[in-house]
Amino acid sequence: MAGDTAAPRVKAGERNVLVTSALPYVNNVPHLGNLIGAVLSADVYARYLRQRGVNCVYVCGTDEYGTATETKAQQEGVTPSEICDHYFKIHSEIYEWFDISFDHFGRTSKPYQTQIVQDIFRQVNEKGMIQKGELEQLFCERDKRFLADRFVRGTCPQCTYEDARGDQCEHCGRMLNPSELIRPKCSTCGSEPVSRTSKHLFLDLTTIQSRLERWVEETSKRGDWNSNCIAMTQSWLRDGLKPRCITRDLKWGVPVPLEGYTDKVFYVWFDAPIGYISITAELMPEHWKEWWQNPRNVELVQFMGKDNVPFHTIVFPSALLATEQEWTMVHHLSTTEYLNYESGKFSKSKGVGVFGNDAKNTGIGVEVWRYYLMSNRPEGADSVFLWSDFQAKNNTELLNNVGNFCNRAITFVSKFFDGEISAVSLSSEDERFLEQVNEALNAYIKAFDKVQLKSALRHAMTLSSHANTYMQHNEPWKHVKVDKPRAASVVSLSCNVVLLLNALLEPFLGTRFSNKVLGMLGLSRDARYTRIPDTFSLMLETGHKIGSPELLFSTIDDKTVAALKLKFAGAQDDSTRIGHLNITDAGSVGAAAAAAAAKAEGAFQLDLRVGRIVEVRESADSDKLYVGKVDVGEGESGGANAARNFVAGLRDLYKLEELQGRTVVVVCNLQPVQLGGIESQAMLLTAEKKKSCVLLEVAPECKPGDQVATMAVPYLRSALLLDRKGFQNASKPFRVGASGKVFFQKEFELGVLGADGAFHPISAGDVGEGGKLNFTLGAHARMTTVLRAVRQRLTFLERLQDFHCRFRRQVFVKIIVDLDHGCVDASPKALHLHKMEKAVWRIASHFDSQILFTSFEHFVAAANHTWRRSAHLDVVFPDFLAIIHGVECSHLVDTHRRHLKNVCNLIHGSQGKPSSALSLRKIERGNHG
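All figures in this text were calculated on a predicted structure; none of them were measured in a lab.

Which parts of the structure should I look at to understand the overall build of the protein?
For the protein, the helix and strand inventory stands at 30 helices and 31 strands. By the burial criterion, 53% of the 929 residues in the protein qualify as buried. Taking the intrachain contacts of the protein between residues at least 6 apart in sequence as the baseline, contacts between residues at least 24 apart amount to 76%. Summed over all atoms, the accessible surface of the protein reaches about 40,500 Å², with 49% contributed by carbon and sulfur.

Can you walk me through the packing of aromatic side chains in this structure?
Each aromatic ring pair is specified by the distance between its two centres and by the angle formed by the two planes. Under the definition given, this model contains 33 aromatic pairs. When the ring of Trp97 is compared with that of Phe98, the centres are 5.1 Å apart and the planes differ by 90 degrees; the resulting orientation is edge-to-face. Each member of the pair Trp97 and Phe98 is classed as buried. Lying across the ring of Phe139, Arg196 places its NZ or CZ 3.9 Å from the centre. Lying over the aromatic face of Tyr261, Lys199 brings its terminal NZ or CZ to 5.1 Å of the ring centre.

What exactly am I supposed to notice about helix H2 (residues 67-76) here?
Helical geometry note: an α-helix holds 3.6 residues per turn, so side chains three or four residues apart project in the same direction. A large share of H2 lies buried, amounting to eight of its 10 residues. When we look at burial in H2, the residues that qualify are Thr67, Ala68, Thr69, Glu70, Thr71, Lys72, Ala73 and Glu76. In this structure, the buried side of H2 is in contact with helix H3 (80-97) and strand E5 (145-146). Positive phi appears at Gly77, one or two residues downstream of H2, with a value of about 70 degrees.

Honestly, the confidence of the model for the protein in this entry has me stumped. Any pointers?
Predicted coordinates in regions of low pLDDT should not be interpreted in detail. Confidence along the protein averages 80 in pLDDT terms, with 76% of residues attaining 70 or more. Mean pLDDT values over the elements of the protein span from 36, in helix H30 (residues 914-925), up to 98, in strand E1 (residues 16-21). In this model residues 580-602 is a low-confidence stretch, pLDDT under 50, and it forms 44 contacts with partners more than four residues away in sequence or in other chains. Within the model, pLDDT remains below 50 along residues 862-929, and this stretch shows 98 contacts once partners closer than five positions in the same chain are excluded.

Would you explain helix H23 (residues 724-731) in this entry?
Taken together, the buried positions of H23 are occupied by Gly726, Phe727, Ala730 and Ser731. Take H23 and look down its axis: the buried residues cluster within an arc of 125 degrees, on one side only. Turning to H23, the residues buried within the fold contact strand E20 (663-667), strand E23 (683-689), strand E26 (734-736) and strand E31 (772-775).

Can you walk me through the packing of helix H4 (residues 111-126) against helix H8 (residues 275-283) in this structure?
How two helices sit against one another is set out by the angle between their axes and by the gap between those axes. Interhelical geometry of H4 versus H8 gives an angle of 130 degrees and a closest axis separation of 9 Å. Between H4 and H8, the interaxial angle falls into the category oblique. Between H4 and H8 lies a crossing whose hand is right-handed. Across from Tyr112, Gln113, Ile116 and Ile120 in H4, the residues of H8 making contact are Gly275, Ile277, Ser278, Ala281 and Glu282.

Just checking my understanding: could you explain the sheet that holds strand E9 (residues 194-203) for this structure?
To summarise the sheet geometry, strands pair through backbone hydrogen bonds and adopt either a parallel or an antiparallel arrangement. Ordered by their spatial adjacency, four strands build an open sheet running E5-E4-E9-E10, and the pairing between neighbours is antiparallel. At either margin of the open sheet sits one strand with a lone partner, and together these are E5 and strand E10 (244-245). As defined by bridge partners, strand E4 (residues 130-140) adjoins E5 across two bridges and the pair is classed as antiparallel. If you follow Phe139 over to E5, its bridge partner there is Phe146.

Looking at this structure, how should I read the sheet that holds strand E3 (residues 104-107)?
Overall, parallel pairing links the five strands, which are arranged E3-E2-E1-E13-E14 in an open sheet. One side of each edge strand has no neighbouring strand; the edge strands of this open sheet are E3 and strand E14 (330-336). On average, each strand axis in the sheet is tilted by 20 degrees relative to the strand beside it, whichever way the strands run.

Help me out: how do you make sense of the pairing of E20 in this one?
Taking burial as the measure, the five residues of E20 include five buried ones, the bulk of the element. Neither face of E20 is left uncovered, since the one carrying Thr663, Val665 and Val667 and the one carrying Val664 and Val666 both have all their residues buried. When strand E17 (residues 608-618) meets E20, the two strands line up antiparallel, connected through five bridges. The partner of Val610 across the bridge, within E20, is Val665. Summarising the sheet, E20 and E23 pair through two bridges and their orientation is antiparallel. Counterpart to Val666 in the pairing with E23 is Leu684.

Would you explain the environment of Pro80 in this entry?
Within the element layout of this structure, Pro80 appears in helix H3. With 172 residues separating them in the primary sequence, Pro80 and Trp252 have C-alpha atoms 7.2 Å apart. In this structure Pro80 touches Thr69, Glu70, Ala73 and Trp252, once residues within four positions along its chain are discounted.

What am I meant to see in unusual backbone geometry here?
Backbone geometry follows two general trends: most residues other than glycine have a negative phi, and most peptide bonds adopt the trans configuration. The backbone of Glu324 sits at a positive phi, close to 60 degrees, despite the residue not being glycine. Mapped onto the fold, Glu324 is located in the loop between helix H10 (309-322) and E14. For Val451, which is not glycine, the phi dihedral falls at a positive 60 degrees. Mapped onto the elements of the fold, Val451 is located in the loop between helix H14 (428-449) and helix H15 (453-474).

Is there a simple way to think about the pattern of salt bridges in this case?
Side chains bearing opposite charge may pair, as long as their charged atoms lie close to each other. Under the criterion given, the structure shown has 31 salt bridges. The salt bridge involving Glu93 is made with Lys89; its shortest N-O contact spans 2.7 Å. Here the residue Glu93 and the residue Lys89 both occupy positions in helix H3, the gap between them amounting to four residues, near one helical turn. Between Glu337 and Lys306 there is a salt bridge, with the nearest N and O atoms lying 2.8 Å from each other. Here Glu337, found in the loop between E14 and strand E15 (339-341), pairs with Lys306, found in the loop between strand E13 (298-305) and H10; they are 31 residues apart in sequence, far enough to count as distant.

Would you mind going over the nonpolar core with me for this structure?
One recurring pattern in soluble globular proteins is that nonpolar side chains are buried together. In this structure, Leu32, Phe98, Trp369, Trp387 and Tyr444 are the most contacted members of the largest nonpolar core, which totals 183 residues. The biggest single contributor to this core is helix H17 (residues 484-509), with 16 residues. Contacts of Leu32, omitting those with residues within four sequence positions, involve Phe98, Leu339, Phe346, Val354, Trp369, Leu373 and Phe385. Counting 47 residues, the second-largest nonpolar core is a separate cluster that includes Tyr654, Val673, Val698 and Phe748.

Rules of the game
- Residues numbered from 1 in each chain as written.
- Predicted model: local features only at pLDDT ≥ 70, side-chain atom pairs only at ≥ 80, totals over all residues.
- Heavy atoms only, no water.
- Helix = DSSP H or I, 4+ residues; strand = E, 2+ residues; numbered from the N terminus.
- Buried < 20%, exposed > 50% of the residue type's maximum accessible area, 1.4 Å probe, protein only.
- Contact = heavy atoms within 4.5 Å.
- Areas by Shrake-Rupley, 256 points an atom, 1.4 Å probe, with all protein chains shown as cover.
- Phe/Tyr/Trp six-rings, centres within 6.5 Å; stacked < 30°, edge-to-face > 60°.
- Lys NZ or Arg CZ within 6 Å of the ring centre and 35° of its normal.
- pLDDT = per-residue confidence, 0-100.
- Arc of directions from axis to C-beta.
- Axes fitted to C-alpha atoms, helices over the stretch in contact; angles between N-to-C directions.
- Parallel < 35°, antiparallel > 145°, perpendicular 65-115°, else oblique.
- Left-handed = near helix turned anticlockwise from the far one by under 90°.
- Pairing = 2+ DSSP bridges.
- Salt bridge = Lys/Arg side-chain N within 4 Å of Asp/Glu carboxyl O.
- Core = buried A, V, L, I, M, F, W, Y, C linked by side-chain atoms within 4.5 Å.

Right under this line is the structure:
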């Protein structure tokens, strides 16, 4: 961590900027979304300020108090203090590897925090802004404790979002108290808490509101807050502020210094923002007030995720205003939306996504991670981490653009001019090139001064592109043979541009990258060479000896990407818990990729377990189906209550009594599906060949939950669930052998490794050699069940039409917002289908039928296809309505099959062709002939 530097003092008559990033919770490991949302973004901005000669301090630290820490300590069997020490070390190591340039990275559990929080509380109390009252609090009888806001989940009373937190609804943004939630539940154990009364202290936000509103009005204009910050703040003010409880019934926190309340601690959202002040005091005990009580000479710029905005624009400023003292309050807030991972969210518990400690172990340089995160920063909308995009940005933008230019310029000087910079003689073409350089430099500075970080990076990359074009067009490799002075001038000018480009990229790529480039140019680290100037000038003197060229970036190949994608798809070991190693040294990308690829190629992706059918009955909706429950070893004592639901098309093959209590092989990592009104959470595995179909047979000594695998090849556990196509791909390597045994990849026998160490083979009965594995749901039963579910959804068209209207409205709103922010290239194409897909799936979640989900997928695919061809969405939407209309209004199974075939032809075969459109119009008219 390039931090904990000598504390800078405020300089009179100069620009002084205090930069903070939201304090990360200490109780877990930060993932890439946490990094880009606050810490990395603030680091980029602070670096820019320093390189522009601005007097700047950047502080951050771990947020260590509160219920989250107590709970984590309880889970790991240690004290809260021990959990804080452990995770603070992990955070510090992660930020050090990511080359974060804190002036100080501190902790809120330090004595300065207690002292300053209690001082501010006393000042607020003396001004009469603290109220006493009672709070109806939720108490978990199972865990024997009062529940903090964030440990209660329930339905929001305003928007009816079903997973709102007790302090704030993430869906509509409303500030809540846990008692306001409908059907609240303890987020730790899931039980329903009871209400108990407890006396507490409240910050009188109602009295403070008028002062706060004036401050917001002035500061949001002066600090150029973005529209999202203003909208979230105004929505709270518009609803009217109410007294806010600032105490909690906990032990781990800053004690309340008031008689009668000394058994309580301050609520985390009262004390945590004060952590910015106390961490600054850790850095400069004698001079922290120069920065925090000096609003006329210091600008405060804060970075955070969007969910933290109200606490930094409402709660924290209100507490400072209530003291009636002079405080340095926020000037500008830079906020981000959410960064998601591939097709879902980051999850440490499930091992999904790249966390801070994982990035180092990939062997990929920190400059690549920093660049990708900043280029994908979710500024105006949520963004997604995609390994394919990560690879493309490294190979195309860093390697082929930046790396190619720097290496060519330096290598040419080294090879043809004895490593010495020559005199530069500017031609008219050179002058035009330098105009482009200064134009990009000027745009870069303007973007940074507006805290538009992603835009600034884009301008730096534009400069690099201009430089590549200049080098390519002037062809010094040809001039060196016929006009050596011209070649020398071109490459020497290019080396000077390399120096400028390095300075522009240092905020984004970090010090280690910058030092590498400086070394290639034969320079030691000096502020002259890293300063970002107003205009370009020649910094390398004639005769200057450069260093040796080296590769700045390496290609990331497809095999590496596939291996890394698989590695971070789920169920990784958590090496960050107490008792485990934290961050280990990484090998090369190639070694890591080779190991992961070997593991991937040698494993199968089906989670097969021994199951015992504990309940089975005939389906009332189908004469082909059984429904029941199968124990797969997930409960403490087995039985129906601990079992998974299943639906099986076996009534033509097995009698009811043959299935009751039977031991079977169960596929446990398929996506749940609704069949006949039952959610099937597991499928019974069969072996099939021609007309022969039998359930796989398991040795009687095997127990429910035993893993079905091979002795030589492991099951590669993943949190990702397979759809039907995924199952088909994963089951291809399985075949029945000559003896009725089942083999993986034709040589590894499938079986169960029992507790006694014996290997018990799986049998396919009398199914002939070459038989395949499948799960038990016949085609006719699937079709009948699905179509029955479709016909029951009579309001489906209304919901779709409502979605269409909302989507079209989003298109125009997005364009207007983009134009308002100066994004002149905003267009419907730039809308991406990412938001549309989220809206689609939100609607789809209301329906049971698999065919509706499938139809939605088809709609998105068709819309995406049409969108790329610049056609209007209306070209696709009526066709989709026609498909659904045709399916819902028909009554014959054969007709349904014909319609589904038309859907497949449209999506997978002849998208947009007249013949498909004709078929769909026939469906819409009800002409099924």
